[in-house]
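Architecture at a glance
Take a look at the letters that make up each chain.
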Amino acid sequence: LARALNAAGTVHAIGIAVHEEGDSFMQRVNSAKTVLYAGLDADLSPDLKAYLHGGYERYRRTSFDGIPTFPDGSPAPVGRSFFLGSGDFELVTPVARVNGGLDWEASDALSFSLKANYLRSNTTGESGFGFGLEPNGDFFLAVNNITKSVTEAFSAGLSSVYKLDDLGLADSFITVAANYQHYDTKQAGTIPDMPQGDVANIFDGVDAIEALFNTRTYPGIFDYSLNRRLRYFTLSSQASIKVAEPLTLLGGISWAKPDVSKQSGTGPWQDFSGDSQTSLRLAATLEPVRGLNLYASYSESFQPQLFIDAVGDVLAPLSGEQYEIGVKYVSPDRRLLLTGAIFDVRQANQARYDQTIDLIDRYVAVGEVRHRGLELQAVGEIAQGWQVNAGLAILDPTIRKDDDPTLIGKTVTFLPKSTASLHTSYEFGNAFIGGGVRYVDSVKTDIDRATRDLPSYVLADVSAGYDFDRFRVQLNVKNIFDKHYFVNNYQTLFYGNVVGEPRSVTVSLRAGF
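Everything numeric in this text was worked out from a predicted model, so none of it was measured. (Residues numbered from 1 in each chain as written. Predicted model: local features only at pLDDT ≥ 70, side-chain atom pairs only at ≥ 80, totals over all residues. Heavy atoms only, no water.)

1. Some words on the overall build of the protein
- Within the protein, the regular secondary structure consists of one helix and 26 strands.
- A compact globule built from 513 residues would reach a C-alpha radius of gyration of about 24 Å, and the protein, at 26 Å, matches this within 12%.
- In terms of principal-axis extent, the alpha carbons of the protein reach across some 80 × 60 × 50 Å.
- Here the protein, with 513 residues, has 36% of them falling under the buried criterion.
- Within the protein, counting contacts between residues at least 6 apart in sequence, those at least 24 apart form 61% of the total. (Helix = DSSP H or I, 4+ residues; strand = E, 2+ residues; numbered from the N terminus. Rg over C-alpha atoms; globule rule 2.2 N^0.38 Å. Buried < 20%, exposed > 50% of the residue type's maximum accessible area, 1.4 Å probe, protein only. Contact = heavy atoms within 4.5 Å.)

Encoded structure:
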């Protein structure tokens, strides 16, 4: 529901309530989600606007991490509905969030914006998974009783924009911004005892494996706790100057100071803050004819990260350089947008999964990864009522530097080298039809190809609908050819892979009031 709260229309409110629940194509798996959201937007004066939005959601789902693979990476010979875990293991995540801000137009040239965001989530419950699948079907069981997995994030930013039109520089401006980020994670849990053994056989079936998971007893054999904290302050400024009608130059600089620390169990906090960092951004845009823009840019990045390595140290910040050239075209009627870009991104300290110790994933930092690629996209209406959204991305992620010389020249794992999509819809009268295809290239699962790649796949979807009065009835069919495919959620085969959703059909009826 949304409406104005006063006759002048200067105060608006919105409220949303959603509840959804359902089973899965997998045995024993179900989920439920409830979302409540409300917001106020107000024009406090002609030059001052404010908003305050907040929401709460609760997500409950059956715990499932994937099906383990054989040592060579081959999938287990089980059906798509095969479930590995216990139907009694549920994870519950309540999330609370608040967003607020003020926007002040001090003059035609000068404006200020103040924004703040807060989020807190906490996941609890039992999670079971399997690993180390052998050719005879044996694999290890593990249960994680998560007593606390809290994420708390707060950010606040003050920015200002000064337009330079009065100085004779039309469509030019300078921005200044200060941002503060506060990010905490707290993890705690217990590994229970498995009195009937921690080895199962995947060929025994879902019921037998679930029975073994359900033999866990508490208080358990091991408790773990890990807290990580990030404080991140950034000052930045950017100028965009149209030096002539077809040419615009952009320059920016930012300074960032991270404060990173970690605590294991009840031990002391360890500091991994490191030095501050100054980053630059340079770009030029040329518009030789109206609607056609050519651009080139160089930018530097700096992002602290909270991954830890095998000895418990926090990885150094992710830093990088990006070179990009591209073109954008908007048709004269502004119904069609075409974009294309080639880029070269070089990142230092990119996290790569190493191992899992005491149910905490550990990572190593790669010296330097070079991502070279191409992106093409077309979005818009190519004829009356005919919408198209098409995209192509090609990526070559290669390790260029590392302390381990055997890694240099190798392709980064768990990244498809190419993806493509095409979706189109056509409206005629009160009806519409649509369809689309998505292609995801094969994914390398090991640096040295000791394990098999995840195969590429193509998925096709179709939809159709009809509008009458204030109602819309719609039919959606996903994965119409029932393609059997796999995805990986953890950038490692330690937890196995998740099978993609099979063909599904949805019929919906929507009414507007």
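Following the structure, the description resumes.
2. Observations regarding empty space enclosed by the protein
- Under the defined criterion, the tally for this structure stands at two cavities of 30 Å³ or more.
- Space inside the largest cavity adds up to approximately 130 Å³.
- Ile67, Val78, Phe486, Asn497 and Val499 are, among the 16 residues lining the largest cavity, the residues nearest its centre.
- In terms of residue class, the lining of the largest cavity is built from eleven nonpolar, four polar and one charged.
- Size it by volume and the second largest cavity reaches roughly 40 Å³.
- Along the walls of the second largest cavity sit Pro258, Val260, Phe272, Ser273, Pro304, Gln305, Val314, Leu315, Ala316 and Pro317, which together make up its complete lining. (1 Å grid on protein atoms, 1.4 Å probe; cavity = no way out; pocket = protein on both sides within 12 Å on 5 of 7 lines; lining within 4 Å. Points joined across faces, edges and corners; volume = space filled by probe spheres on them. Nonpolar A, V, L, I, M, F, W, Y, C, P; charged D, E, K, R; others polar.)

3. Details of the pairing of strand S14 (residues 277-289)
- Of the pairings in the sheet, the one linking strand S12 (residues 247-264) to S14 comprises ten bridges and is antiparallel in character. Note on S14: the bridge partner recorded for Gly252 is Arg281.
- Where S14 folds back onto strand S15 (residues 292-303) in an antiparallel hairpin, the turn is made up of two residues, including Gly291, whose phi is positive at roughly 95°. (Pairing = 2+ DSSP bridges.)

4. Section: a nonpolar patch on the surface
- On the surface, Tyr466, Phe468, Val473, Leu475, Val505, Val507 and Leu509 cluster together to form a nonpolar patch covering roughly 650 Å² of accessible area.
- Secondary structure elements with two or more residues in the nonpolar patch: strand S22 (457-468), strand S23 (471-478) and strand S26 (504-511).
- Mapped onto the secondary structure, Leu475 falls in strand S23. (Patch = residues over 30% accessible without salt bridge, like charges linked within 9 Å, V, L, I, M, F, W, Y side chains within 5 Å. Areas by Shrake-Rupley, 256 points an atom, 1.4 Å probe, with all protein chains shown as cover. Salt bridge = Lys/Arg side-chain N within 4 Å of Asp/Glu carboxyl O.)

5. Describing the side chain of Gln305
- Mapped onto the fold, Gln305 is located in the loop between S15 and strand S16 (318-330).
- For Gln305, a relative accessible area of 9% corresponds to the buried category.
- Among the polar contacts listed, one links the side chain of Gln305 to the backbone oxygen of Asn349, at a separation of 2.8 Å.
- Contacts of Gln305, omitting those with residues within four sequence positions, involve Val314, Leu315, Ala316, Pro317, Leu318, Asn349 and Ala351. (Polar contact = N/O pair within 3.5 Å; in protein donor to acceptor, adjacent residues only side chain to side chain.)

6. Some words on the pattern of salt bridges
- Under the defined criterion, the tally for this structure stands at 19 salt bridges.
- Among the ionic pairs, Glu210 bridges to Arg28, the shortest N-O distance being 2.9 Å. Of the two residues, Glu210 sits in helix H1 (residues 206-213) while Arg28 sits in the loop between strand S2 (11-23) and strand S3 (30-45), which places them 182 residues apart along the sequence.
- Each member of the salt-bridge network shares a partner with another, and the members are Arg28, Asp207 and Glu210.

7. Topic: a negative patch on the surface
- Taken together, the side chains of Asp47, Glu105, Asp108, Asp165 and Asp166 define an acidic patch exposed on the protein surface.
- Relative to the elements of secondary structure, Glu105 occurs in strand S5 (residues 90-105).
- By relative accessible area, Glu105 is classed as partly exposed at 44%. (Lys, Arg positive; Asp, Glu negative; His and termini not counted. Charge placed at Lys NZ, Arg CZ, Asp CG, Glu CD.)

8. Looking at the environment of Phe222
- Along the polypeptide, Phe222 turns up in strand S11 (residues 217-244).
- In this structure, the C-alpha to C-alpha distance between Phe222 and Asp358, residues 136 residues apart in sequence, is 8.3 Å.
- Filtering out sequence-adjacent residues up to four positions away, Phe222 remains in contact with Gly189, Thr190, Ile191 and Asp358.

9. Observations concerning unusual backbone geometry
- Here the bond from Tyr218 into Pro219 is cis, since omega is 25°, no more than 30 degrees from zero.
- You can see Pro219 is positioned in strand S11.
- The backbone of Asn349 sits at a positive phi, close to 70°, despite the residue not being glycine.
- Looking at the secondary structure, you find Asn349 in strand S17 (residues 336-357).
- The exposure class of Asn349 is partly exposed, given its relative accessible area of 21%.

By themselves these figures say nothing about function.
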